[in-house]
Amino acid sequence: MILNPLSNQVGGHDGVLSMGDDNEIIVKPALPQELKFYEESVLHAELAAWMPTYYGTLTLTRNQPGQAGDQSSTNGAPIIKALNGYVLSDMMAASTLDEEDAANAAAAAIAEPDVVADEAEDNGVNDDECICLENVSLGFKKPCVLDLKMGTQLYDDDASEEKKARLGAVAANTTTLPLGFRMTGFEVYDSEKDDFTKYSKHYGKGLTEDTVLDGFRAYFAAKLGPERMRLIIERFVNDLTDFLATIETQELRMRSSSLLMIYEGDAEAFDAGLSIEQEKIAAVVARAQAHMEKGAREDQEGDDEDDDNEEDEDDEDFEDYEEDDEEDGEVGQKVTDIRLIDFAHSTWTPGQGPDEGVVKGVKSALALFEKLLKEDYQIEA
Ligand SMILES: Nc1ncnc2c1ncn2[C@@H]1O[C@H](COP(=O)(O)OP(=O)(O)O)[C@@H](O)[C@H]1O
Ligand SMILES: [Mg+2]
């Protein structure tokens, strides 16, 4: 395994890098608060299920020209010095830096660094220490990604008065305060141009309660046809409904966290992803049926001498399905995904109840998606 740190946004602490043969891992400069939030998420399994898998931290050393051991053609790309991660440590043993890849590759971030990154310095970020996260875009051929910044309050309770005033005004002048979310940035695959149409955070900031539905229409504009698009929106409605049930039970405060929503923008890949899902469901159903039939048979036959053998056969069937499902740990083609990211200003707050601003945001987004289904796809909730 070769790790290829991607280099075009490494000039400070405001970039999100990705690395690995297939950009398997997102490497984000660690604000202490975000690091703490991920470390503590192991105690909150229900919410952690909505977060990218957290692999641990690593430390990057910038490759200064003229330094001893200088690999000057990397032009200041980071080289990996030390690693404290779990999964990564195995890969690290075999890793070498591919200089050309490091110099040429593009970073994964779709949203420009936002308030959080602007504030990195005052929050004491150590720009060499990074958190390593599952890349949620992996498994998509043409990922159409939306960063939805959640909540009605964008700053920590202990922020300076100046920051509270500044970010309070941002919230009041965008959909953040009235709706509990803001479209931060998104990109949509255009199959005719074979390119992504990108919408900046400025576009999202310009949307109002009255126009934000058009913002969602712009996001759901990949040329997949109405049937597929309806399915995508319905899946997001289902996921958001589940997420709402979770977030209502979690005692935390999330300031400037995002829901990262992703759907497949390539029609062929989309259909392949659906087939894979259906096969998996069929396999689970077949397994459950086999299990039930076996139970019924055993009930009828009582304590039969062949019992042990039968069990062995069933176990083999079980392993076959598992092998098919996992395919050597590779991420299969995905259809949609939705995950909570960006915890630089998030804290667990036991005893204080849920974050009502985030709850409000999820409810508003749900209502708008349902409105979209009704108006554009004639689907009643
Ligand atoms: N785990 C991840 N998987 C895929 N993309 C991610 C992941 N984390 C971040 N990103 C991308 O990087 C962007 C910025 O990351 P974020 O954590 O929000 O940092 P910032 O503090 O700069 O806002 C996100 O909008 C998203 O597009
Ligand atoms: Mg962000």
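Everything that follows concerns the structure shown earlier in this document.
The model shown is predicted, which means the values in this text are computed figures rather than measured ones.

Thoughts on the sheet that holds strand β10 (residues 258–264)
Step number 1: Read across the sheet, 5 strands follow the order β8-β7-β6-β10-β11 without closing on themselves; strand pairing throughout is antiparallel. The open sheet has two edge strands with one neighbour each: β8 (195–199) and β11 (336–341). Each neighbouring strand pair of the sheet contributes to a mean axis angle of 15 degrees, computed without reference to strand direction.
Step number 2: Across 5 bridges, the pairing between strand β7 (residues 181–190) and β8 is antiparallel.

Brief notes about the packing of helix α10 (residues 226–247) against helix α13 (residues 356–377)
Step number 1: The N-to-C vectors of α10 and α13 enclose an angle of 155 degrees; their axes lie 10 Å apart at closest approach. Between α10 and α13, the angle falls in the class roughly antiparallel. The hand of the α10/α13 crossing is left-handed. Touching P226, M229, R230, I233, E234, F236, V237, L240, T241, F243, L244 and I247 of α10 are V358, V359, V362, K363, A365, L366, F369, E370, L372, L373 and Y377, all from α13.
Step number 2: Tallied by class, residues from the contact of α10 with α13 come to 18 nonpolar, 1 polar and 4 charged.

Considerations on the nonpolar core
Step number 1: Ranked by size, the top nonpolar core spans 61 residues in total, and within it L148, F216, Y219, F220 and Y263 carry the most contacts.
Step number 2: Counting residues per element, this core draws most heavily on α13, which supplies 10 residues.
Step number 3: Once you skip the residues sitting within four places of it in the chain, Y219 turns out to touch C144, V145, L146, M183, F186, E187, V188, F236, M261, I262 and Y263.
Step number 4: Ranked by size, the runner-up nonpolar core spans 8 residues in total, among them L17, L60, C130 and C132.

Remarks on unusual backbone geometry
Excluding glycine, residues mostly have negative phi values, and the peptide bonds linking residues are mostly trans.
Step number 1: Positive phi, normally seen in glycine, also occurs at S256, with a value near 70 degrees.
Step number 2: Along the chain, the position of S256 falls in the loop between β9 (252–254) and β10.
Step number 3: The backbone of Q378 sits at a positive phi, close to 50 degrees, despite the residue not being glycine.
Step number 4: Here Q378 is to be found in the segment after α13.

What about the pattern of salt bridges?
Step number 1: For the structure shown, the criterion picks out 25 salt bridges.
Step number 2: Residue E40 is joined to K36 by a salt bridge in which the shortest nitrogen-to-oxygen separation is 3.4 Å. Taken as a pair, E40 and K36 lie in helix α1 (residues 32–40) at a separation of 4 residues, close to a single helical turn.
Step number 3: When the shortest N-O distance is used, the salt bridge between E161 and K164 registers 4.0 Å. With E161 and K164 both in helix α6 (residues 161–172) and 3 residues apart, this pair spans about one turn of that helix.
Step number 4: Through salt bridges that share partners, D214, R217, K371, E375 and D376 make up one connected network.

Things to note about the packing of aromatic side chains
Step number 1: Scanning the model with the defined rule gives 17 aromatic pairs in all.
Step number 2: With a centroid separation of 4.8 Å and 85 degrees between ring planes, the pair formed by F216 and F369 is classed as edge-to-face. Placement of F216 in helix α9 (residues 212–219) and of F369 in helix α13 is noted, with a sequence separation of 153 residues between them. With respect to burial, F216 and F369 carry one shared label: buried.
Step number 3: With 6.1 Å between their ring centres and 45 degrees between their planes, F220 and F236 make a pair best called tilted. With F220 in the loop between α9 and α10 and F236 in helix α10, this pair connects stretches of sequence that are 16 residues apart. Residues F220 and F236 agree in their burial class; the two are buried.

Rules and cut-offs
Residues numbered from 1 in each chain as written. Chains lettered and ligands numbered in written order. Predicted model: local features only at pLDDT ≥ 70, side-chain atom pairs only at ≥ 80, totals over all residues. Heavy atoms only, no water. Pairing = 2+ DSSP bridges. Helix = DSSP H or I, 4+ residues; strand = E, 2+ residues; numbered from the N terminus. Axes fitted to C-alpha atoms, helices over the stretch in contact; angles between N-to-C directions. Parallel < 35°, antiparallel > 145°, perpendicular 65-115°, else oblique. Left-handed = near helix turned anticlockwise from the far one by under 90°. Contact = heavy atoms within 4.5 Å. Nonpolar A, V, L, I, M, F, W, Y, C, P; charged D, E, K, R; others polar. Core = buried A, V, L, I, M, F, W, Y, C linked by side-chain atoms within 4.5 Å. Buried < 20%, exposed > 50% of the residue type's maximum accessible area, 1.4 Å probe, protein only. Salt bridge = Lys/Arg side-chain N within 4 Å of Asp/Glu carboxyl O. Phe/Tyr/Trp six-rings, centres within 6.5 Å; stacked < 30°, edge-to-face > 60°.

The values are spatial; any link to function lies outside them.
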